[in-house]
Amino acid sequence: MRGEKIKITTLALAITSAFSLTALAQSSGSSAKPDDSMHCMEGMAMPGCPQTDKNQQNAPGTQHHQHSTPSQPPQNVQPQQPKQPDKMGNMPGMQMEPARPSQSPDTHATMTLQEPENPEHKTGPNLPAPELLKDVAARPAMSLADFETLADANNPTLKLANALVRRSQEQARQAGLYSNPSVGYQGEEIRGGAYGGGEHGGFVQQTIVLGGKLGLRRNIYEQQKRSDEIGVHEQTHRIHGDVQQAFYDALTAQATVQLRERLLGVALDAVETVHQLANVGQADAPDILQTEVESEQAKVDYVTAQRQYLQAFRTLAALTGKSDLAVSPLQGELENTPDLNAEQMVDSVVANSPTVKRAQQEAAVAQARLKDAKRESVPDLQLRAGEQYNAEQVSQNPVRPVGAESFASATINIPLWNRNQGNVGAAKAEIERAQQDLTREQLSLRRQAAPLAQSYETAKFEAERYKTQLIPRSARAYDLYLKKYQNMAQAYPQVLVSQRTLFQLQIGYLMALHDVWRSAIALQNYTLTGGLDAPMSSGSSTTTINLPNTGGAQE
C-alpha cells in the first residue's frame, strides 16, 4: 500500500509540473509582439528564433495520440510545432499545443504553422460564370450530314457555279446559229427618162458560212461548259471541305466547353473543400487564395470556351447559307478519326484534284480555239437573188415594156493578206500557257498536300500518345498528389500544378484530334478551300456572241 501511494504522489507532481510549464509557455507567447520583428521561418537563422533540428523537421505535429509503431507512416500529418522541452515532450499523451507565432505566406512545405484565412480581407465577390449555352442543350443535335445538306441547297457559290455552266451552254448554242437572211428593195432608172421606164424589185441575201466554222465556234463554248462543270465539282469540294472543317472546329469547341465545365466544377469543389479545411485549421490563407484564383481562372476559361463555340457555330451556319440557323448541339465522334495512307493521298490529290482536271480542260479549250482560228481564214459565201420589173419600152407600136426580170449574185472574199495569222499564233501561245499552268497546278498541289500529310501523321501520333500515355499518367499523378494533400503530406500548390497539367493535356488531346481532322479533311477534299469565294469561270460574261445583225461574224 505504501508503494502505491508513492506512485500516485509522483504522478500528481508530474501533472502539476506539466500544467505549470504550459501556463508559462502561453504567457510568454501572448506577450510576444510579432509585428515588431521579422517572422521566424524554418531553415533560416534569425535572431530570437529557435533553431529546428533537421531530424524533427518532418516529424508529426500535435496529436491526441502518439503512434507507437515507428515504421508505420503517420496519418493526418499536422504542421510542425515548436520544439517542446525534453522532459514533457517525450511523454505519451502529454504533448501540449503552444502558442501560434505569426507566419509569412509561403508554400505548405516550408510553413511551420497554418494561418487561417483572415475574414477581414475580401478579395472580391464570388460571382458565378455566365451560362451562355443554357438554351442550346434543349435543341435537337445536328450532324455533319445535316450541314452538308443545307450547304448543297443554300450555299450561293454552288448556285453561281451552276449558273456558269448554263451560261456556257447558251453561249455554245448562240455561237452555232446561222446568220439571218437579208431582204431588200432595189430600183434603177426609176424615172425612166424619155423612155418612161425604170427598174423596181426586191431581193433576198444570205451569208453561207463555209469551212465548218460554226461547229468549231460552238465547240469552244462546249469545251468551256465542260470546264465549268468541273468547276461545279470543284466548288462542291470547296464547300464540303469548309463545312467539314468548320463542323469539327465547332465540335472541338463543344468538347472544350464540356472539359472546361468539368474543370470549373473541380475548381469550385476545391474552393469549398479548402474553406472547410481552413475551418479546422488544415488550410491557410495562401491555400485559400490560390484555390480561389484557380476557380476564377476556370470561370474565365469556361466563358471563353462558350464564346468560341458560338463563334464556330456561326461560321458553320454561314457556310451552309443559313446564317440565321439557331445554335444547336453537335452530334459527332471527335475521336473516330479517319485512317488514311497519307503518302498515297498526296499522289491522289495531284492525280484526281478537280483543279488539275480543270487545268487539263483549259488546255482542251485552248486546242478548240486553235482549230477555230485556223479555219477562220476560209471565206464565207454571200448569195443574193431577186426579182424586178423593168418598165423600159422595147417597141413603140404597140407600146410594150420589158417586163419582169430576175437577177442573182454570189460573192466570196479572197484571203490574200489577212489569213488570221495573228489569232492563230495567239491560240498556239494559249495552248502553251495552258500546258504550263497544268504543270504549275500539279506542283502547287503537291507542295500543299505534302505538309498536310506530315501534319496528319504528326497529329495522329500525338493524339495516340495523349490518349494512351500522357493523360493516364497525369491523371494518376493528380490522384496521388490529391491523396497526399488530403493526408497533409503534400503542399497544395503541387496539387494545383498537377491538376492544371492534367487539364492542359486533355486540351492538348482535343487540339491533336482537331489537327488530325483538319489535315484529313484537307487531303480528302484535295486541299480546296473557299466555300464562300466566287467560283472561277472558264469563259467571259459577254452577250455579244454572233449577234443577229452582224451577218454571222464572230464576236
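Residues numbered from 1 in each chain as written. Predicted model: local features only at pLDDT ≥ 70, side-chain atom pairs only at ≥ 80, totals over all residues. Heavy atoms only, no water.

K.L.:
Would you explain the confidence of the model for the protein chain in this entry?
P.N.:
Detailed conclusions should not be drawn from predicted coordinates in areas where pLDDT is low. Here the protein chain shows a mean pLDDT of 79. Residues at 70 or above account for 75%. Per-residue pLDDT, averaged within each element of the protein chain, yields its smallest value for helix α2 (residues 86–89) (34) and its largest for helix α3 (residues 144–154) (97). In this model, residues 1–117 is a region of pLDDT below 50 whose contacts with residues beyond four sequence positions or in other chains number 97 contacts. (pLDDT = per-residue confidence, 0-100. Helix = DSSP H or I, 4+ residues; strand = E, 2+ residues; numbered from the N terminus. Contact = heavy atoms within 4.5 Å.)

K.L.:
Would you mind showing me how to read the nonpolar core here?
P.N.:
In summary, soluble globular proteins display a tendency toward joint burial of nonpolar side chains. Of all hydrophobic cores here, the largest spans 62 residues; its most connected members are F147, V243, F247, Y248, Y309, L330 and L334. Excluding residues that lie within four positions of it along the chain, L334 makes contacts with Y248, L251, T252, A255, L510, L513 and W517. Core analysis: the second largest hydrophobic core is formed by 18 residues, L340, L445, A459 and L528 among them. (Core = buried A, V, L, I, M, F, W, Y, C linked by side-chain atoms within 4.5 Å. Buried < 20%, exposed > 50% of the residue type's maximum accessible area, 1.4 Å probe, protein only.)

K.L.:
I'm lost on α3 in this one. Help?
P.N.:
Within an α-helix, residues lying three or four positions from one another point in the same direction, as the helix has 3.6 residues per turn. Taken as a whole, α3 has its buried residues at L144, F147, E148 and A151. With its buried residues spanning 100 degrees around the axis, α3 presents them on a single face. (Arc of directions from axis to C-beta.)

K.L.:
Please clarify how the packing of helix α5 (residues 213–279) against helix α6 (residues 285–319) should be interpreted in this entry.
P.N.:
When two helices pack together, their arrangement is given by the angle between their axes and by how far apart the axes lie. Packing of α5 against α6 brings their axes to within 8 Å, and their N-to-C directions diverge by 160 degrees. Viewed along their axes, α5 and α6 adopt a mutual orientation that is roughly antiparallel. Crossing of α5 against α6: the hand is left-handed. The class makeup of the residues in the contact of α5 with α6 is 23 nonpolar, seven polar and nine charged. (Axes fitted to C-alpha atoms, helices over the stretch in contact; angles between N-to-C directions. Parallel < 35°, antiparallel > 145°, perpendicular 65-115°, else oblique. Left-handed = near helix turned anticlockwise from the far one by under 90°. Nonpolar A, V, L, I, M, F, W, Y, C, P; charged D, E, K, R; others polar.)

K.L.:
Explain the sheet that holds strand β4 (residues 399–412) to me, please; I cannot follow it from the model alone.
P.N.:
Strands in a sheet are paired, the pairing made by backbone hydrogen bonds, and the direction either parallel or antiparallel. Strand order in this open sheet of four strands is β1-β2-β3-β4, and the pairing throughout is antiparallel. Because the sheet does not close on itself, it has two edges, and the strands there are β1 (182–188) and β4. Averaged over neighbouring strand pairs, the angle between their axes works out to 20 degrees when direction is ignored. Here strand β3 (residues 381–396) runs beside β4; their pairing, made up of 13 bridges, is antiparallel. Across the sheet, residue N390 finds its bridge partner in β4, namely G403. (Pairing = 2+ DSSP bridges.)

K.L.:
Would you mind going over the packing of aromatic side chains with me for this structure?
P.N.:
Centre-to-centre distance and the angle between the planes together describe a pair of aromatic rings. Using the criterion set out here, one finds five aromatic pairs in the structure. With centroids separated by 5.2 Å and ring planes inclined at 85 degrees, the aromatic side chains of F247 and Y248 adopt a geometry described as edge-to-face. The pair formed by F247 and Y248 is uniform in burial state, with each residue classed as buried. The positively charged end of R384 is found above the aromatic ring belonging to F203, 3.9 Å away from the centroid. (Phe/Tyr/Trp six-rings, centres within 6.5 Å; stacked < 30°, edge-to-face > 60°. Lys NZ or Arg CZ within 6 Å of the ring centre and 35° of its normal.)

K.L.:
Would you mind showing me how to read the pattern of salt bridges here?
P.N.:
Pairing between side chains of opposite charge can happen when the charged atoms of each approach one another. Within this structure, the stated rule accounts for 17 salt bridges. Of the charged contacts in the structure, one is a salt bridge between K213 and D380, with a shortest N-O distance of 2.7 Å. Residue K213 is located in helix α5, and its partner D380 is located in the loop between α8 (354–375) and β3; the two are separated by 167 residues in the primary sequence. When its relative accessible area of 2% is taken as the criterion, K213 is described as buried. Judged by relative accessible area, D380 falls into the buried class, the value being 18%. Two residues, D347 and R446, come together in a salt bridge whose shortest N-O distance is 3.4 Å. Taken as a pair, D347 in helix α7 (residues 342–352) and R446 in helix α9 (residues 421–486) lie far apart in primary sequence, 99 residues in all. Looking at D347, the relative accessible area reads 43%, which means it is partly exposed. Salt bridges sharing partners connect three or more residues here, namely D228, E234, R238 and R358. (Salt bridge = Lys/Arg side-chain N within 4 Å of Asp/Glu carboxyl O.)

K.L.:
How should unusual backbone geometry be read in this particular structure?
P.N.:
Glycine aside, residues mostly have negative phi, and peptide bonds are mostly found in the trans state. Positive phi, close to 60 degrees, is recorded for Y526, a residue that is not glycine. Position of Y526 relative to the elements: it lies in the segment after α10 (492–524). Y526 gets classed as buried once you look at its relative accessible area, which sits at 16%. For N546, which is not a glycine, the phi torsion comes out positive at approximately 50 degrees. Note that N546 resides in the segment after α10.

K.L.:
Looking at this model, I keep getting lost on the side chain of T320. Mind explaining?
P.N.:
In this structure, T320 sits in the loop between α6 and α7. The buried category is assigned to T320, whose relative accessible area is 0%. Those residues in contact with T320 that lie beyond four places of it in its chain are F147, L150, A151, N154 and N155.

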